[in-house]
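Report on the structure
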Amino acid sequence: MSMILRTLSACAALALIATPAMTAAAAARKKAPAKAAPLKPSALAIALPLKLLIPERQRLCDTATATGLRYKQLRPGAGVMPTDADRVQVHYIGYLAKDGEVFDQGRDVTFAVTRVIPGFSDGLKLMTPGSIYRLCVPHTLGYGEDGSGPIPPAADLVFQVELVTVNPAKAK
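Residues numbered from 1 in each chain as written. Predicted model: local features only at pLDDT ≥ 70, side-chain atom pairs only at ≥ 80, totals over all residues. Heavy atoms only, no water.

Looking at the pairing of strand E2 (residues 70-75)
The pairing of strand E1 (residues 63-64) with E2 spans 2 bridges and is antiparallel. Within E2, the position partnered with Thr63 by the bridge is Tyr71. Here E1 folds back onto E2 in antiparallel fashion, the turn holding 5 residues, of which Gly68 has a positive phi close to 105°. One ladder, built from 5 bridges, connects E2 with strand E5 (residues 132-137); its direction is antiparallel. Bridging from a neighbouring strand, Tyr71 pairs with Leu135 of E5. (Pairing = 2+ DSSP bridges. Helix = DSSP H or I, 4+ residues; strand = E, 2+ residues; numbered from the N terminus.)

What about the state of the cysteines?
Here the structure, examined in full by the defined rule, presents 1 disulfide. Across the disulfide from Cys61 sits Cys136; the S-S distance is 2.0 Å. Its S-S torsion of approximately 80° makes the covalent link between Cys61 and Cys136 right-handed. With a gap of 75 residues between them, Cys61 in the loop between helix H1 (3-30) and E1 and Cys136 in strand E5 connect regions that are remote in the sequence. (Disulfide = S-S within 2.5 Å.)

Regarding the sheet that holds E2
Overall, antiparallel pairing links the 6 strands, which are arranged E1-E2-E5-E6-E3-E4 in an open sheet. The open sheet has two edge strands with one neighbour each: E1 and strand E4 (102-112). When strand E3 (residues 87-96) meets E4, the two strands line up antiparallel, connected through 8 bridges. Bridged to Gln89 within E4 is Thr110.

Some words on the nonpolar core
The biggest cluster of nonpolar side chains holds 23 residues, and the ones touching the most others in it are Phe159 and Val161. Listed by contribution, the elements that provide at least two residues to this core are E3, helix H2 (118-124), E5 and strand E6 (157-167). The element best represented in this core is E6, accounting for 5 residues. Leave out the neighbours within four places in its chain, and Val161 touches Val90, His91, Tyr92, Phe120, Leu124, Met127, Ser131, Ile132, Tyr133 and Leu135. Of all hydrophobic cores here, the second largest spans 7 residues; its members include Ile93, Tyr95, Cys136 and Val158. (Core = buried A, V, L, I, M, F, W, Y, C linked by side-chain atoms within 4.5 Å. Buried < 20%, exposed > 50% of the residue type's maximum accessible area, 1.4 Å probe, protein only. Contact = heavy atoms within 4.5 Å.)

Have a look at this one:
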């Protein structure tokens with residue numbers, strides 16, 4: 001191979017290696033956009049992040065238990081109330097009593113009656129299948145002074161709970 005071809009080949013190889021970086025830098029200088037005005041959201045668009053807030057009237061309960069749990073029956077049910085030994089299936093939504101911010105929700109969730117916070121457990125034992133209750137749980141029956149995850153310290157909570165089914169404990 002002649003000296004000229006070797007030199008051209010070396011230059012071509014160097015050009016192939018250097019071109020993308022140089023081209024990208026040159027393109028960035030040429031295409032630097034002018035600062036655009038911030039876009040205004042459409043009045044029809046849902047603002048993100050989505051934060052569902054429950055109105056104050058849906059954070060109130062009218063009956064109290066001896067433990068301090070307050071509740072409101074929204075729809076009666078029929079059948080047997082669950083006990084500590086039972087498992088239940090529920091639909092629920094949980095929100096902060098202070099501002100109504102939703103922190104959790106679930107459909108067709110099954111668990112043991114005693115595997116939830118004390119206020120939720122106490123409320124379940126008032127219900128019958130098919131009923132819907134609003135449970136107003138003071139922080140002493142919830143996550144206490146420390147809070148947990150999205151629950152702030154000393155937060156009073158509200159749950160709307162539909163008891164779908166009660167699965168009695170099996171006899172041993």
